[in-house]
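Chain by chain, the residues:
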Amino acid sequence: MRKAVVSGGIARLARRCLGAALLALCAGTAAAQNPTGSLRGTVRGTGGAPVEGATVVARNTRTGFVQQAPVQPGGFYNLGGLAPGEYQVSVRTAAGSSAARAVEVQVGQVLTVDLQAGTQTVALEGITAVGQRSFETQTSEVATNVTRQQIQTLPQGDRNFLNFAQLAPGVRLSTDEQRKTFASGGLPAEQVNVFIDGVSYKNDVLQGGVAGQDASRGNPFPQNAIGEFRVITENYKAEYQKAAGGIITAVTRSGGNRWEGEGFAYGQPNSFVEQDFFAVRACSAARENNQPCAAKPEYRRWQTGLSLGGPLIRDRLHLFGAYEGNYQDRAQRVTLGTSGAIPAGTFDQYAGNFGSPFRSNLFFGKLNWQPRSNQTVELTGNFRNEHETRDFSGQRSFEAANRLNNAVNSVALRHEGSWGSLLNQATLSFQRYRWETEPLNPGLIGRDISGVVRLGGADTRQNFAQDRLSLRNDLTWTASGFAGDHVVKGGFNLDFLRYDVQKELFGNPLFHFAPTDLNVPFEAQYGVGNPDLSTNNRQLGVYLQDDWNPTERLVLNLGIRWDYESDMLNNSYVTPQPVRDSLARFVGSNYFTDGNDRPPFYGAFQPRVGFSYDLAGDRRTTVFGGFGVFYDRTFYNSILDEKYRRAYQVRTFRFSTNGLPRDGQPTILWNPSYLSKEGLDQLIASGTAPGPEIFLLDNDTQPPYSLQWSLGARHALGSWQLQATYTGVRGYHLFTWLRGNRNADLTCCTSVAPYSNLFISSDSKRTWYDALYLKADKPYTQASRWGVGLAYTLARATQNGRDLFSLDKPTVEAYGRYASPGDQRHTIVLNGIVGLPYSFRFSGLMNLGTGGAYTITDATNGFRPEQITFRGAYPEQQSFIFGNAFAYREIDFRLEKAFAVRGGQHLSIVGEVFNAFNFDNFGCFQDFVPPEGNPNLGKPGCTVGNPRRFQLGLTAGF
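Calculation criteria
Residues numbered from 1 in each chain as written. Predicted model: local features only at pLDDT ≥ 70, side-chain atom pairs only at ≥ 80, totals over all residues. Heavy atoms only, no water. Phe/Tyr/Trp six-rings, centres within 6.5 Å; stacked < 30°, edge-to-face > 60°. Helix = DSSP H or I, 4+ residues; strand = E, 2+ residues; numbered from the N terminus. Buried < 20%, exposed > 50% of the residue type's maximum accessible area, 1.4 Å probe, protein only. Lys NZ or Arg CZ within 6 Å of the ring centre and 35° of its normal. Pairing = 2+ DSSP bridges. Disulfide = S-S within 2.5 Å. Salt bridge = Lys/Arg side-chain N within 4 Å of Asp/Glu carboxyl O. Core = buried A, V, L, I, M, F, W, Y, C linked by side-chain atoms within 4.5 Å. Contact = heavy atoms within 4.5 Å. 1 Å grid on protein atoms, 1.4 Å probe; cavity = no way out; pocket = protein on both sides within 12 Å on 5 of 7 lines; lining within 4 Å. Points joined across faces, edges and corners; volume = space filled by probe spheres on them. Nonpolar A, V, L, I, M, F, W, Y, C, P; charged D, E, K, R; others polar. Arc of directions from axis to C-beta.

S.K.: What exactly am I supposed to notice about the packing of aromatic side chains here?
M.R.: Any two aromatic rings considered together are summarised by their centre-to-centre distance and by the angle between their planes. If you walk through the whole model with that rule in mind, you get 43 aromatic pairs. Ring centres of F354 and F398 lie 5.6 Å apart, and the angle between their planes is 10°; on these two criteria the pair is classed as stacked. Of this pair, F354 sits in strand β22 (residues 352-355) while F398 sits in the loop between β24 (375-390) and β25 (402-419), and the two are 44 residues apart along the sequence. By relative accessible area, which is 27% here, F398 ends up partly exposed. Here the basic side chain of K897 rests over the ring of F899, its NZ or CZ set 5.3 Å away from the ring centre. Here the guanidinium or amino end of R949 rests over the ring plane of Y299, the centre of that ring lying 4.4 Å away.

Shown next, in the form of structure tokens:
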């Protein structure tokens, strides 16, 4: 029986504290991390003495919205809840107001701005202002802000704003076009979270971490609607939840006091795309044999969009809307394997290039209303819908393709109000995420001729839906006089979730044939039963944090968070008695439950502390650091097999021409009537069919979490900001499956009749990550007409275990530590923007890496658990700038020419080239060593990323 993580008394205390917090914060409901920034500092008079009783006023120059905050005793003020943008900041006293000065606030920033009362211009002593860009120096977070200008100007092939997360050191982007994700801290992509306008896009049910990004080439949001975003790789504050890895918090654009609109169109015809390395090599080989090259697969992509924003009531009510479309007509090549047993030309009709169209439509709308000063209301809606024909190529024929339908729709209502020293931010949001695949030819039985071709319809239909109704509130209180100045923030989130899951694994049977006998399959897989795995869940989080200034030079952040889920591990599942009776000799009682052995996890207490110290008192050079505990969750699809494999049973049928055992396993005498669903149903009904696989969850499974710590320094040097940071991350309780029916000598496997296999869960998987981050940023300004950013990462990431299945060793710990897949020691990302004469603007983005690790499975000494070993290996490095330094090289350029048009309108022609030097970046490495050796070990089988591509575009607006 599962032991409670905390005692009943502590659990009751936690619930009482939670109830008190809810009552205290019931002023509203809020979305996840609020998409705002803050100004804080000291107001002084002409003689330098702190001023009390004054008011700091900030007016947004685009919207006219006004926010203000009182000055505390001692002169301290905190002006929070500022939507990102440029503000005119002034100090109002009984004697009048100071002259205003422009300050730009970016999402998530806390800028220290010391102000001077009177009629003088505001003195920006707490920040380093560069044109309209301000450097944030006094924060303990390891964070990078990506500006609207970078999003608009840097080269971008597919308009996925998440790609710009690579500008932050420590971020790892996926190179898989059909799974566009990001990760950090040596943890998988499932451990990140993304907030847009404060709404969490966490994917609870599938891989990828972000709703909509599992197995999709689409974008999560229209890029022309993103204003800016902030990447926090480590040591984010207690207000952030459900992430053990990195956080991205983005804010969308808003309408202003004048109407603005823009449209664009970008195109990539097939002639703009180079062939990849393997296609070129295959063509060369064909020519050497006097054969024609295979036809170049079709490819054509158009990206179009428009945006419009402006005032419905000046200074009070504004509208913004955006649309983006992504239309791709591409083809995938199906190639046949060879076998001397099959006559030439038998399957030729299945080879060639076949269409794989992709269509995506993204809509976003927003209303901003300020009924009075210090009160704002915001209503947003985001709608994503995409379709694709996919899952074929190589030896998988077009017959076996799937249709993918992917949709993420969100609406949110947000209110923000301040009353003196109190600021309340509240949001009610609803999000529906649906991911569905269905066979293109559901009526065709699947046939796999080993090593030659996969025919027939796809075998599996899946439909995952996640509904999230979220209520959140954040309350901020500014106070002075308690051993310094304090900005105390507390809040809660309450999410009601519904997971609707229909999963029909091998609902269309798949028969496997050897090339030597196309009449009698040697094996078949078929699933029947109830595919419905729908369930409800509730998530609750409470936090309290204090940004405390004991002195003007020292800032401490002291925070704690507590999270709870009602059902993450099939909590009410009851192990059937036949399963107990059959498997008790293999596993302990902690793998069986009567429905009461898995209470919710109450132990997700997460202290988070940080500091920032101004060395010289001029707020230009600071040291900072922090430590924290960060809990996440295990995604639903990874743990549902315990219940699913009982309700929906997938069987593996072994056939033969004589009905005799093969390789120690019984077989069924083949009858042609079995080549159908009806025939396999008869075998099941007669009791002839083999048993299903069984999965058992450990009742003591805990959610994954990480420990994070960092220590660094920042320095503002003229127009530059320099930063160096060491960071460490340790991941715990990551989930994997093990074999549960090993023999006494740990070899595989003892019979578990009437079942075919037994798998048991483990949360013993761990990760280790240590890194040095170096950053240098010089923002682009109209005065200098150039800007540049450099991010360098020196990192080492290791792990034990494998991925979701760790089946080669008896325990996770037995794997030892080895380089995590994707571990890259050295990464350099350089971006730059330059204004040129004659209204030209040039920009570039360079990403260089020494190569991501892949795992070698070494069975040189045999396949027993103690003989097989695992180790990390790295791709062969090539020369660029330095000799044999980089295995991953991609350099993109963008050139824009603007034309003057009457009436304030603008028109630009854009040319872009991606992977400009056509570098070959390899993947799919040979990674298995059998006892007889592998002379091709380490050789690549595919390229990652794309070969060189050109793109032309046109933008116009007013």
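Still to come is the rest of the account.
S.K.: It is not clear to me how the pairing of strand β12 (residues 142-146) should be interpreted in this structure. Could you clarify?
M.R.: Sheet faces and side chains relate simply in a regular strand, where the side chains alternate between the two faces. Extensive coverage of β12 is indicated by the burial of five of its five residues. Neither face of β12 is left uncovered, since the one carrying V142, T144 and V146 and the one carrying A143 and N145 both have all their residues buried. Bridge count for β12 against strand β17 (residues 226-234) is five bridges, and the pairing is antiparallel. Bridge pairing in β17 places V142 opposite E234.

S.K.: When you look at the state of the cysteines in this model, what are you seeing that I'm missing?
M.R.: Each disulfide consists of a covalent bond between the sulfur atoms of two cysteine residues. According to the stated counting rule, one finds three disulfides in the structure shown. One disulfide in the model links C283 with C293; its S-S distance is 1.7 Å. Torsion about the S-S bond of the C283 and C293 cystine: about 80°, corresponding to right-handed handedness. With C283 in helix α3 (residues 277-288) and C293 in the loop between α3 and β20 (299-313), this pair connects stretches of sequence that are 10 residues apart. Residue C283 is classed as buried on the basis of its relative accessible area of 18%.

S.K.: Even after reading the chapter, I still don't get the pattern of salt bridges, so can you show me in this structure?
M.R.: A side chain of one charge can pair with a side chain of the opposite charge if their charged atoms are brought near each other. Per the stated rule, a full pass over the model turns up 49 salt bridges. For E324, the salt bridge goes to R159, with nearest N and O atoms at 2.9 Å. Linking E324 in strand β21 (residues 317-334) with R159 in the loop between α2 (148-153) and β13 (171-173), this pair joins segments that are 165 residues apart in sequence. For the residue pair E324 and R159, the accessibility class agrees, reading buried in each case. Ionic pairing is found between R217 and E177, a salt bridge with its closest N-O pair at 3.7 Å. On the criterion of sequence distance, the pair formed by R217 in the loop between β16 (199-200) and β17 and E177 in the loop between β13 and β14 (182-184) is long-range, its members being 40 residues apart. Residue classification places R217 among the buried residues on the basis of a relative accessible area of 5%. Assessed through its relative accessible area of 28%, E177 is described here as partly exposed.

S.K.: Sorry if this is basic, but what is going on with the nonpolar core here?
M.R.: Proteins that are soluble and globular tend to have nonpolar side chains buried together. The biggest cluster of nonpolar side chains holds 61 residues, and the ones touching the most others in it are F161, F229 and I248. Those residues within four positions of F161 in sequence are excluded, and the remaining contacts are Q156, I196, P220, F221, Q223, I226, F229, I248 and A250.

S.K.: Explanation requested: the sheet that holds strand β38 (residues 668-669) in the structure shown.
M.R.: Working definition: the strands of a sheet are paired by backbone hydrogen bonds and lie parallel or antiparallel to each other. The sheet built from six strands is open, its strands ordered β28-β27-β31-β32-β37-β38 with mixed pairing. If you trace the sheet from one side to the other, it starts and ends with β28 (453-455) and β38, each paired once. With seven bridges joining them, strand β32 (residues 523-529) and strand β37 (residues 648-656) adopt antiparallel strand pairing. What sits directly across from Q525, in β37, is T652.

S.K.: What should I look at first to understand empty space enclosed by the protein in this one?
M.R.: A probe as big as a water molecule, rolled over the atoms, marks out the empty space that is left. Across all of its chains, the model carries 14 cavities of 30 Å³ or more by this definition. Of the pockets and cavities examined, the largest cavity occupies roughly 300 Å³. In terms of lining, the largest cavity is formed by 24 residues, of which the most central are T36, S38, V110, E239 and K489. Listed by contribution, the elements that provide at least two residues to the lining of the largest cavity are β1 (37-44), β4 (76-82), β26 (422-439), β30 (485-504) and β33 (535-549). Residues belonging to the lining of the largest cavity are distributed by class as follows: five nonpolar, 13 polar and six charged. There is about 160 Å³ of room inside the second largest cavity. Along the walls of the second largest cavity sit 16 residues, with Y564, E565, M568, F601 and P703 positioned nearest its centre. Take the lining of the second largest cavity: its biggest share by element is three residues, from strand β34 (residues 554-565).

S.K.: Any chance you could explain the sheet that holds strand β47 (residues 854-858) here in plain terms?
M.R.: Ordered by their spatial adjacency, three strands build an open sheet running β48-β47-β54, and the pairing between neighbours is mixed. Strands at the two margins of the open sheet, each flanked by one partner only, are β48 (869-873) and β54 (928-929). Sheet topology note: the β47/β48 ladder contains five bridges and is antiparallel. From the neighbouring strand, Y854 faces β48, where its bridge partner is A873.

S.K.: Help me understand helix α6 (residues 677-686), please; the structure alone is not making it clear to me.
M.R.: An α-helix turns once per 3.6 residues; consequently, residues spaced three or four apart project the same way. Listed in full, the buried residues belonging to α6 are G679, L680 and L683. Down the axis of α6, the buried side of the element spans an arc of 95°, and every buried residue falls inside it. Structural note: α6 exposes E678, Q682 and A685 on the side pointing more than 90 degrees away from its buried face. Residues of α6 that are buried make contact with β31 (510-513), β32, β37 and β38. Downstream of α6 by one or two residues, G687 has phi in the positive range, about 85°.

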